[in-house]
Amino acid sequence: MILWFSGTGNSRYVAERLAAQLGQAQKEMRPELIKQALHIPSAERDIIWVCPVYSWGIPPYVRSVIKDIRFERDGNEDCREMRHHLVLTCGDDCGLAPEMWRKEISKRGWTGDKVFSVTMPNNYVCMKGFDVDSKEIEEAKLSAAPARIDEISRAFNDSEGKVLTDVVRGRFAWIKTRIIYPWFVRHAMSPKPFRFTKECISCGKCAAACPMRNISMEIEKNVDDGRQRPRKRPRWGDNCAMCLSCYHVCPRHAVMYGKSTLNKGQYMNPKV
Ligand SMILES: Cc1cc2nc3c(=O)[nH]c(=O)nc-3n(C[C@H](O)[C@H](O)[C@H](O)COP(=O)(O)O)c2cc1C
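Residues numbered from 1 in each chain as written. Predicted model: local features only at pLDDT ≥ 70, side-chain atom pairs only at ≥ 80, totals over all residues. Heavy atoms only, no water.

**A short note on the overall build of the protein**
For step 1, the next point in the chain: Secondary structure summary: the protein contains seven helices and 12 strands in total.
For step 2, the next point in the chain: By the compact-globule yardstick of 19 Å for 272 residues, the protein fits well, its C-alpha radius of gyration being 19 Å.
For step 3, the next point in the chain: In the protein, which comprises 272 residues, the share counted as buried stands at 51%.
For step 4, the next point in the chain: The long-range share in the protein, meaning contacts at least 24 apart out of those at least 6 apart in sequence, stands at 76%.
For step 5, the next point in the chain: Here the protein carries 44 positive and 32 negative side-chain charges, and the mean point of each set is 6 Å from the other. (Helix = DSSP H or I, 4+ residues; strand = E, 2+ residues; numbered from the N terminus. Rg over C-alpha atoms; globule rule 2.2 N^0.38 Å. Buried < 20%, exposed > 50% of the residue type's maximum accessible area, 1.4 Å probe, protein only. Contact = heavy atoms within 4.5 Å. Lys, Arg positive; Asp, Glu negative; His and termini not counted. Charge placed at Lys NZ, Arg CZ, Asp CG, Glu CD.)

**With respect to the packing of aromatic side chains**
For step 1, the next point in the chain: Counted under the stated rule, the structure contains seven aromatic pairs.
For step 2, the next point in the chain: Between Tyr-124 and Phe-130, the ring centres sit 5.5 Å apart and the planes meet at 80°, which makes this aromatic pair edge-to-face.
For step 3, the next point in the chain: Owing to a relative accessible area of 14%, Tyr-124 belongs among the buried residues under this scheme.
For step 4, the next point in the chain: Looking at Phe-130, the relative accessible area reads 36%, which means it is partly exposed. (Phe/Tyr/Trp six-rings, centres within 6.5 Å; stacked < 30°, edge-to-face > 60°.)

**With respect to the environment of Met-1**
For step 1, the next point in the chain: Within the secondary structure, Met-1 sits in the segment before strand 1 (2–4).
For step 2, the next point in the chain: With 130 residues separating them in the primary sequence, Met-1 and Asp-131 have C-alpha atoms 33 Å apart.
For step 3, the next point in the chain: With near-sequence residues (within four places) excluded, Met-1 lies in contact with Gln-24, Ala-25, Lys-27, Leu-38, His-39, Ile-40, Glu-44, Asp-46, Ile-47 and Ile-48.

**A few points about the site of the ligand**
For step 1, the next point in the chain: Surrounding the ligand, one finds 24 residues, the nearest of these being Ser-6, Thr-8, Ser-11, Trp-56 and Asp-92.
For step 2, the next point in the chain: Within the contact set of the ligand, an oxygen atom lies 3.1 Å away from a backbone nitrogen or oxygen of Gly-9.
For step 3, the next point in the chain: In the model, a nitrogen atom of the ligand is placed 2.8 Å from a nitrogen or oxygen of the Ser-55 main chain.
For step 4, the next point in the chain: In isolation the ligand has 650 Å² of accessible area, and contact with the protein removes 97% of it.
For step 5, the next point in the chain: At the level of elements, helix 1 (10–22) and strand 6 (83–90) are the ones that each hand at least two residues to the shell around the ligand.
For step 6, the next point in the chain: Its residues placed into classes, the shell around the ligand shows 11 nonpolar, 11 polar and two charged. (Near = heavy atom within 4 Å. Polar contact = N/O pair within 3.5 Å; in protein donor to acceptor, adjacent residues only side chain to side chain. Areas by Shrake-Rupley, 256 points an atom, 1.4 Å probe, with all protein chains shown as cover. Nonpolar A, V, L, I, M, F, W, Y, C, P; charged D, E, K, R; others polar.)

**Brief notes about the domain arrangement of the protein**
For step 1, the next point in the chain: Assigned domains of the protein: these are domain 1 (2–187) and domain 2 (194–257).
For step 2, the next point in the chain: Each of domain 1 and domain 2 was reduced to a C-alpha centroid, and the two centroids are 28 Å apart.
For step 3, the next point in the chain: Each partner contributes to the interface: domain 1 provides 14 residues, whereas domain 2 provides 12 residues.
For step 4, the next point in the chain: Across the domain 1 to domain 2 interface the summed buried area is about 1100 Å²; carbon plus sulfur atoms make up 70%.
For step 5, the next point in the chain: Put simply, domain 1 and domain 2 have one residue pair in polar contact (both at pLDDT 80 or more) between them. (Domains from an automatic or database assignment. Buried area = accessible area lost by both parts, 1.4 Å probe.)

**Some remarks on unusual backbone geometry**
For step 1, the next point in the chain: We note that Ser-55 has phi near 50°; this positive angle belongs to a residue other than glycine.
For step 2, the next point in the chain: With respect to the secondary-structure elements, Ser-55 resides in the loop between strand 4 (46–52) and helix 2 (60–68).
For step 3, the next point in the chain: Among the residues examined, Ser-55 registers a relative accessible area of 13% and is labelled buried.
For step 4, the next point in the chain: In the Ramachandran plot, Arg-213 falls in the positive-phi region, its phi being about 55° despite a non-glycine side chain.
For step 5, the next point in the chain: Within the fold, Arg-213 resides in the loop between helix 6 (205–209) and strand 10 (215–219).

**As for the sheet that holds strand 6**
For step 1, the next point in the chain: Spatial strand order, 2-1-4-6-7-8: six strands in an open sheet with parallel pairing. The open sheet is flanked by strand 2 (26–28) and strand 8 (164–166), the only strands paired with a single partner. In this sheet, neighbouring strand axes are inclined to one another by 20° on average, regardless of whether the strands run parallel or antiparallel.
For step 2, the next point in the chain: As paired elements, strand 1 and strand 2 share three bridges and run parallel to each other. (Pairing = 2+ DSSP bridges. Axes fitted to C-alpha atoms, helices over the stretch in contact; angles between N-to-C directions.)

**Focus: the environment of Arg-195**
For step 1, the next point in the chain: Mapping Arg-195 onto the fold places it in strand 9 (residues 194–196).
For step 2, the next point in the chain: A polar contact of 3.3 Å, which involves the side chain of Arg-195, links it to the backbone oxygen of Gly-258.

**Here we look at the nonpolar core**
For step 1, the next point in the chain: Ranked by internal contacts, the top residues of the largest apolar core, which has 78 residues, are Leu-3, Phe-5, Trp-49, Phe-71 and Val-87.
For step 2, the next point in the chain: With six residues, the top contributor of residues to this core is helix 4 (residues 135–158).
For step 3, the next point in the chain: Both domain 1 (2–187) and domain 2 (194–257) contribute no fewer than three residues apiece to this core.
For step 4, the next point in the chain: Other than its neighbours up to four places away in sequence, Leu-3 contacts Lys-27, Met-29, Leu-33, Leu-38, Ile-47, Ile-48, Trp-49, Val-50, Ile-69 and Phe-71. (Core = buried A, V, L, I, M, F, W, Y, C linked by side-chain atoms within 4.5 Å.)

Encoded structure:
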């Protein structure tokens, strides 16, 4: 069973390709997933988690799913014999995200087995100095991805029983994961700075794309510009995973994160 979380489609693309190659079922980590036990077919022994790297760590939302999800196999909820693996997608590097994941998995009494990373186009744009990749880099990453995913599928089939970590860690991994990640989670993941500009055409694509269902389209109040009917506008709730799908999916580039996304680019994986 492949469980994936994705904002702009990179992790979804990787999950779907892996699922097809390994002949496994795949499921999105939606908030409803933890409401009841997830049935795992008797023949399956592997759970493969697929998600993006956030600030050289595991997205807090994915950590919460790991903490709360329940599996059920052959009428049994213990499922300790299942093997857990992780495939991360990252724009550049993962730091110690694999270790963070292994720790979360072990808190449930499970064992973390294989961990891989796939380098994909970057989608983080909310701080000074961070932007999407140039078109050339984006294309180079997208064309290298299939071979990397094929390599990962082969490793799943060939290295049975071997615990393995094969990721791009980058420099200063310890500082990035142990110092910057906690700061980032505390100070840079609030949905409060999200807003829409006057370019918004009320299409609702931001709300539809949100994997957390955290955006509602609400009738605009106090508008008196001569329009016949008031328009619906996006409103962000508190349950945001900071995946940035709302920002990147907007056809008018009308979603902003404070002022930090001014003049930044947009990206959505073209294959999903
Ligand atoms: C909040 C946030 C933090 C990120 N932090 C990192 C990072 O630490 N290292 C990195 O290489 N990429 C980072 N990225 C980029 C994503 O990991 C990368 O683009 C990923 O493939 C996006 O996956 P998705 O399309 O499935 O959402 C970050 C993206 C976001 C939204």
